[in-house]
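# Observations on the three-dimensional arrangement
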Amino acid sequence: MQCDNFINNAFVPSAKYISKPLPASNGEILFVADSDAAAVDTAVRAANLAFVSWSKTTHGFRSKLLFKIADLLEEKLEDFAKAESKDQGKPLSLARSVDIPRAIHNFRFFASYILHLSTDSSQLDGVALNYVHSYPVGVAGLISPWNLPLYLLTWKIAYVHNNGCTCVCKPSEFTSLTGYMLCSVIKQAGVPPGVVNMVFGTGNVAGNALVVHPEVPLISFTGGTKTGEVIYRNSAPFFKKLSLELGGKNANIIFADCDLEAAVTTSVRSSFSNQGEICLCGSRIYVQRQIYDSFLYSFKQQVSKLVVGDPMDPKTNIGALVSSQHLEKVLSYVDLARKEGAIVFGGTRLDLPGYFMTPAIITDIKLDSRVCREEIFGPVVTLHPFDTENEVVRLANDSEYGLSASVWTTNLGCANRISRALLVGTVWVNCWMVRDLNMPFGGTKKSGLGREGGKYSREFFCEEK
C-alpha cells in the first residue's frame, strides 16, 4: 500500500517513498511519501489560502463538520482498527476498543465544546465595558507520534478545526496509514480544501521544514524529548507558539492501605498496554515496604499470564514493538539491568515474525541506573520499596521527566498531599488513563511545555485582544 500526501483535498504523489516494514509481518512493506521542503511549502500555501475564509466560518458550521467526521469514522471503525493494528503492531482488540473509539470521541467532544464558548469581560466603573476577543492564529503545524497514531492526530486536528485554524499535519513515518485513511474521511465529510493537509516523511526533512516555515506561527508536537529539543531550538528565531508533549518516566506509587487487587491489575495495564509504548505508562513502580512482597508476587502472576503474539489474535495482550531498531533499544536496557546485577523477570526476544519480546519486570536495581532514569518506552518496568510519604515523593520527583503519576491509597489526605507534591502534569488517584478532555494536558521539566485540552487548547490556538 502507498501513502500519498493530501494537499488541498487532493492526493498528491511523492517523488520518493520510504519503505516501512510492518511490525508483525514476514517482510510486508508500506510505502510512505518521503516529502521534501517543497511539498511542505505547497501544503502551507494551501492552508494559508484556506484560512482566509475558514477562520470566518461560524462555530455551528465547524461543529457540524466535526460531528460528520466522527460519524464517518465510526462507520469505518473496524477498517481503521485493523489498519492501526497492522501498521503499529498493537493488538487489534486494543485498537478496536480504545484507539479508534477515542479518535471518534475527540471529534465529538470538540464538536460540542465549540458550541458553548464564552469570553471574559470587565466593567471599568462608570467609564467603559471591556471585553476579550479571541481569534485563530493561522496555520498550525501538527506533528504526531507513532505510538497512538490516530488517537493523538485526531486530538490535534479536532481542536485546530474547532478554533478556526487550518493545519498541515506530519504523522510519524513509522505509522502513517490511519492518518492517510483519515484524509478520505475528511474530504467525504465536506471539509473545505486546504483546511486539513497531510504531508508524510521523516522528521528531519518534512518535520523540520514545517517547524521552520515562516508562515506557520505555531507548532503542536507530541513525541520524544530529544526531538522536542530540536524543535524548540530550530523554531526560536521565528518566535512561534509551541506546545511540546514529550517523554515520561512515570511513577506508580502504591501505599499499603490500597485496594491491592485493583492496584496490581491496573498497574499491569498501565505498565504494558500498547507494549508499554505510551508516554503515560507507569515505568517506575514504588510499593510501600509492608506490601512489597505481596504486590510483587501478584504482579508477576498477572504478567506471566499476558499473551504476547499475533496482534490480530483476540487472545493477544501484547503485540509487536514498532520497529526492529526500537526492539533492539528496549532489549539493550534489559541487558544492561542484567549486567548491573538486577533481578529480571521476562524481557526476552520471541522467535516470531516481527518485533516481539516478553514483558520485563526488574527488581533489586540501583536507583541511579540508566534503566531507572531514562525513558525506555517499551514493556519494561522497575519495582522499588519505600517506607514513608516524604521518601516516595523524593524518589518520584528525582527525575528529569514530569509527565504523569498514579497514586494508590484509600487515605484521602494522603492522596491530596502526594498529588500536590508530585512535579508532574497529571496525577491519577486509584486509576490510570482516565482522560477528561476538559483538563489541561502536558508535562513539566523534560516532559514538555504548554497545555492542551478544553479551554487550554483555545488559549494556544487563538490570540486574544
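That block above? That's the structure.
Here we summarise the structure given alongside this text. (Residues numbered from 1 in each chain as written. Predicted model: local features only at pLDDT ≥ 70, side-chain atom pairs only at ≥ 80, totals over all residues. Heavy atoms only, no water.)

### As for the packing of aromatic side chains
Applying the stated criterion to the full structure yields 16 aromatic pairs. Seen from their ring centres, Phe 272 and Phe 299 are 6.2 Å apart, and the 35° between their planes marks the pair as tilted. A residue pair is termed long-range when its members are at least 10 positions apart, and Phe 272 in helix α9 (residues 260-272) and Phe 299 in helix α10 (residues 289-304) qualify at 27 residues. Each of the two residues, Phe 272 as well as Phe 299, counts as buried. Three or more aromatic residues joined by ring pairs make a cluster, and in this case those are Phe 109, Phe 110, Tyr 113, Trp 155, Tyr 159, Phe 441, Phe 460 and Phe 461. For Lys 240, the ring lying beneath its charged end belongs to Phe 238, and the centroid distance is 5.3 Å. Geometry around Trp 155 places Arg 435 over its ring, the cationic atom sitting 5.5 Å from the centre. (Phe/Tyr/Trp six-rings, centres within 6.5 Å; stacked < 30°, edge-to-face > 60°. Helix = DSSP H or I, 4+ residues; strand = E, 2+ residues; numbered from the N terminus. Buried < 20%, exposed > 50% of the residue type's maximum accessible area, 1.4 Å probe, protein only. Lys NZ or Arg CZ within 6 Å of the ring centre and 35° of its normal.)

### Concerning the nonpolar core
In terms of nonpolar packing, the biggest core is built from 72 residues, with Phe 107 and Phe 461 touching the most fellow members. Not counting residues up to four positions away in its chain, the partners in contact with Phe 107 are Leu 66, Ile 69, Ala 70, Leu 73, Thr 154, Ile 157, Ala 158 and Leu 182. Listed in part, the 22 residues of the second largest apolar core include Ile 285, Val 287, Phe 299 and Val 303. (Core = buried A, V, L, I, M, F, W, Y, C linked by side-chain atoms within 4.5 Å. Contact = heavy atoms within 4.5 Å.)

### Side note on a negative patch on the surface
On the surface, Asp 120, Glu 459, Glu 463 and Glu 464 cluster together into a patch of negative charge. Locating Asp 120 in the fold gives a position in the loop between α4 (92-113) and β6 (121-124). Judged by its relative accessible area of 58%, Asp 120 is exposed. (Patch = residues over 30% accessible without salt bridge, like charges linked within 9 Å, V, L, I, M, F, W, Y side chains within 5 Å. Areas by Shrake-Rupley, 256 points an atom, 1.4 Å probe, with all protein chains shown as cover. Salt bridge = Lys/Arg side-chain N within 4 Å of Asp/Glu carboxyl O. Lys, Arg positive; Asp, Glu negative; His and termini not counted. Charge placed at Lys NZ, Arg CZ, Asp CG, Glu CD.)

### Quick look at the sheet that holds strand β5 (residues 29-33)
Each strand in a sheet pairs with its neighbour through backbone hydrogen bonds, running either in the same direction (parallel) or in the opposite one (antiparallel). Judged by pairing direction, the sheet is mixed, and its three strands sit side by side in the order β1-β5-β4 without closing on themselves. The sheet is open, and its two edges are formed by β1 (2-3) and β4 (17-21), each paired on a single side. In the sheet, β1 pairs with β5 via two bridges, with the strands oriented parallel. Within β5, the position partnered with Gln 2 by the bridge is Phe 31. (Pairing = 2+ DSSP bridges.)

### Here's the deal with the packing of helix α3 (residues 77-88) against helix α6 (residues 177-189)
The geometry of α3 relative to α6 is characterised by a closest axis approach of 9 Å and an angle of 155° between their N-to-C directions. Taken as axis vectors, α3 and α6 run roughly antiparallel relative to one another. Residues Asp 79, Phe 80, Ala 83, Glu 84 and Asp 87 of α3 pack against Leu 177, Thr 178, Met 181, Leu 182 and Val 185 of α6. For the contact of α3 with α6, the per-class residue count stands at six nonpolar, one polar and three charged. (Axes fitted to C-alpha atoms, helices over the stretch in contact; angles between N-to-C directions. Parallel < 35°, antiparallel > 145°, perpendicular 65-115°, else oblique. Nonpolar A, V, L, I, M, F, W, Y, C, P; charged D, E, K, R; others polar.)

### Side note on the pattern of salt bridges
Summed over all chains, the structure comprises 17 salt bridges. Among the salt bridges present, the one from Asp 41 reaches Arg 45, with a minimum N-O distance of 3.0 Å. With a gap of four residues between them, Asp 41 and Arg 45 both fall in helix α1 (residues 37-54), about one helical turn apart. Note on Asp 41: relative accessible area 27%, which makes it partly exposed. In this structure, Arg 108 and Asp 71 form a salt bridge, with 2.8 Å as the shortest nitrogen-oxygen distance. Remark: Asp 71 occurs in helix α2 (residues 59-75) and Arg 108 occurs in helix α4; sequence separation between them is 37 residues. One salt-bridge network, held together by shared partners, links Asp 71, Glu 74 and Arg 108.

### Here's the deal with the state of the cysteines
Overall, the coordinates contain zero disulfides when judged by the stated rule. Between Cys 258, a cysteine without a disulfide, and Cys 414, which holds the nearest cysteine sulfur, the sulfur-to-sulfur distance is 11 Å. Cys 281 forms no disulfide, and the closest cysteine sulfur to it belongs to Cys 279, at a distance of 8.3 Å. Given a relative accessible area of 6%, Cys 281 falls into the buried group. (Disulfide = S-S within 2.5 Å.)

### Brief notes about the packing of α2 against helix α5 (residues 149-163)
Direction vectors running N to C along α2 and α5 enclose 160°, while the axes themselves pass 9 Å from each other. Classed by the angle they form, the pair α2 and α5 counts as roughly antiparallel. Two packed elements cross with a definite hand, and for α2 against α5 that hand is right-handed. On α5, the residues that touch Arg 62, Leu 65, Leu 66 and Leu 73 of α2 are Leu 150, Ala 158, His 161, Asn 162 and Asn 163. For the contact of α2 with α5, a count of residues per class yields five nonpolar, three polar and one charged. (Left-handed = near helix turned anticlockwise from the far one by under 90°.)

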